[in-house]
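Descriptive analysis of the structure
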Amino acid sequence: MDIEIEKAAPDEGAGFGVAGDPPSALSPSRAGDFMTCPLLYRFRVIDKIPEPPTTATARGTLVHAVLERLFDLPAASRTPVAAQEMLVPEWTRLCEGDPMLAELITDDEERSRFVAEAAAALTGYFRLEDPRRLEPAEREWYVQTELPSGLRLRGYIDRVDQSPAGDLRIVDYKTGRVPLEAYEASALFQMKFYALVIWKLRGVIPRVLQLMYLSGNGEVLRYSPDEADLRATERKLEALWQAISRARETGDWRPRPGKLCDWCRHKALCPAFGGTLPPLPPLPPARPATVAADA
Ligand code: SF4
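Residues numbered from 1 in each chain as written. Predicted model: local features only at pLDDT ≥ 70, side-chain atom pairs only at ≥ 80, totals over all residues.

Let us look at the confidence of the model for the protein. Across the protein, the average pLDDT comes to 88, with 86% of residues at or above 70. Overall, residues 1–18 carries pLDDT values under 50, and its contacts beyond four positions in sequence, including any with other chains, amount to 56 contacts. Of the regions scoring below 50 in pLDDT, residues 286–295 engages in three contacts with residues more than four places distant in sequence or in other chains. (pLDDT = per-residue confidence, 0-100. Contact = placed C-beta atoms within 7 Å.)

Set out below in structure tokens:
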């Protein structure tokens, strides 16, 4: 899987704040980071080293924005042409709200190429479904829950559909290619994470988890989770959180070199590739117990 072409995930409240702050919650992206490489998690969550957008992540952001707003239109107006026409205004709006995006592409030719690539992803979307026949229950839905252990789970779900019978379908758009089998499991883990959160929030297990890969001819991966799946996901997240807490206490954030290192934005700092680690940010002062319990 090309991590550069994943959706530019918001930080999803995964403990981001001033450098050194202990993480206080898990998002699917950050859980995935730790599973991929503990040091990558450290760079992102503990050191909070900025990762400016790339054209690939920006394209994902733009396509997601258009697909979200497309459903603001009356059903009959959600056509491929309407979606394409939203690209430039949406890009302008995103740039107005984010100077780093605005600085990313300044050349007209590059902008045209960028918009054309986003348009191709939208074409891929329309090959997969007809939005005129859908009325999503939720879009870009921020969800948060707390497990009995106190671990908080948070994230943004691209879309949730609800059938007349009340069945829920979680939908996630991917502007990247369909992942290799090894990475398909990690994409599915993200979806099970969301299914677990919805189960905790609403007491209903989503019927379908649907990953929509928009590039090329497009492809849809579907999975129906059951209670055993979600209980296993919960146990896995608890174990992950314990491992993160141990690393936090010991300062032992080991690199785990793998295929994704070629896309890692922090490779130059990584000891596995001859880099020198920056010192860990100092731990913030201990918080009062009442606050810590709520952190
Ligand atoms: S280069 Fe690889 S091993 Fe090093 S931090 Fe990045 S993902 Fe981890």
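Next comes the rest of the description.
Attention now goes to the site of the ligand. Around the ligand sit 14 residues in total, of which Cys37, Pro255, Cys261, Cys264 and Cys270 are the nearest. Its residues assigned to classes, the shell around the ligand shows eleven nonpolar, one polar and two charged. (Near = placed C-beta within 6 Å. Nonpolar A, V, L, I, M, F, W, Y, C, P; charged D, E, K, R; others polar.)

Among the structural elements, Trp253 can be located in the loop between helix H8 (227–250) and helix H9 (289–294). C-beta crowding within 10 Å serves as the criterion here: with 22 such atoms nearby, Trp253 is assigned to the buried category. Residues Trp253 and Arg42 lie 211 residues apart in sequence; the distance between their C-alpha atoms is 6.6 Å. Contacts of Trp253, omitting those with residues within four sequence positions, involve Pro38, Leu39, Tyr41, Arg42 and Ala247. (Helix = DSSP H or I, 4+ residues; strand = E, 2+ residues; numbered from the N terminus. Buried ≥ 20, exposed ≤ 12 C-beta atoms within 10 Å, placed from the backbone.)

Turning our attention to H8. For H8, built from 24 residues, the straight-helix expectation of 34 Å at 1.5 Å per residue is met to within 8% by its first-to-last C-alpha distance of 35 Å. Residues of H8 that are buried include every one of Leu230, Thr233, Glu234, Leu237, Trp241 and Ile244, and no others. Two residues or fewer past H8, Gly251 is found with a positive phi of approximately 75°. (Expected span 1.5 Å × (residues − 1).)

Phi is positive for Lys48, close to 55°, though the residue is something other than glycine. Within the secondary structure, Lys48 is located in the loop between helix H2 (38–46) and helix H3 (55–70). With 18 C-beta atoms counted inside 10 Å, the residue Lys48 sits in the partly exposed group. One non-glycine residue, Glu140, adopts positive backbone phi at about 45°. Looking at the secondary structure, you find Glu140 in strand E2 (residues 138–146).

Moving on: H3. Helix length check: H3, at 16 residues, gives a terminal C-alpha distance of 22 Å against a target of 22 Å (1.5 Å per residue), a fit within 8%. Within H3 the residues assigned to the buried category are Thr57, Ala58, Arg59, Gly60, Thr61, Leu62, Val63, His64, Val66, Leu67 and Leu70. Looking at the buried residues of H3, the elements they touch are helix H4 (80–97), helix H5 (99–104), helix H6 (108–128), strand E3 (152–162) and strand E4 (168–174).

This paragraph deals with the packing of H3 against H6. A pair of packed helices can be characterised by two numbers: the angle between their axes and the separation between those axes. Where H3 meets H6, the axes come as close as 10 Å, and the angle between the chain directions of the two elements is 50°. Taken together, H3 and H6 sit at an angle that is classed as oblique. As H3 runs across H6, the sense of the crossing is right-handed. Residues Thr55, Arg59, Leu62, Val63, Val66 and Leu67 of H3 touch H6, and the partners they reach there are Phe114, Glu117, Ala118, Ala121, Leu122 and Tyr125. (Axes fitted to C-alpha atoms, helices over the stretch in contact; angles between N-to-C directions. Parallel < 35°, antiparallel > 145°, perpendicular 65-115°, else oblique. Left-handed = near helix turned anticlockwise from the far one by under 90°.)

Val63, Val66, Leu122, Ile170, Tyr194, Ala195 and Leu214 are the most contacted members of the largest nonpolar core, which totals 52 residues. In terms of residue count, the dominant contributor to this core is helix H7 (residues 181–202) (nine residues). The residue makeup of this core includes at least three contributed by each of domain 1 (10–48 + 136–250) and domain 2 (55–133). Leave out the neighbours within four places in its chain, and Tyr194 touches Pro28, Val143, Gly155, Ile157 and Ile170. (Core = buried A, V, L, I, M, F, W, Y, C linked by C-beta atoms within 7 Å. Domains from an automatic or database assignment.)

Attention now moves to the environment of Glu51. Here Glu51 shows up in the loop between H2 and H3. Taking the C-alpha atoms as reference, Glu51 lies 8.9 Å from His266; in sequence the two are 215 residues apart.

Taking burial as the measure, the six residues of strand E5 (residues 208–213) include five buried ones, the bulk of the element. Across six bridges, the pairing between E4 and E5 is parallel. Residue pairing across strands places Arg169 opposite Val208, the latter belonging to E5. Relative to strand E6 (residues 219–223), E5 runs antiparallel, the two being bridged by five bridges. Counterpart to Leu209 in the pairing with E6 is Tyr223. From the end of E5 to the start of E6, which pair antiparallel, there are five residues, and Gly216 there has a positive phi angle of about 60°. (Pairing = 2+ DSSP bridges.)

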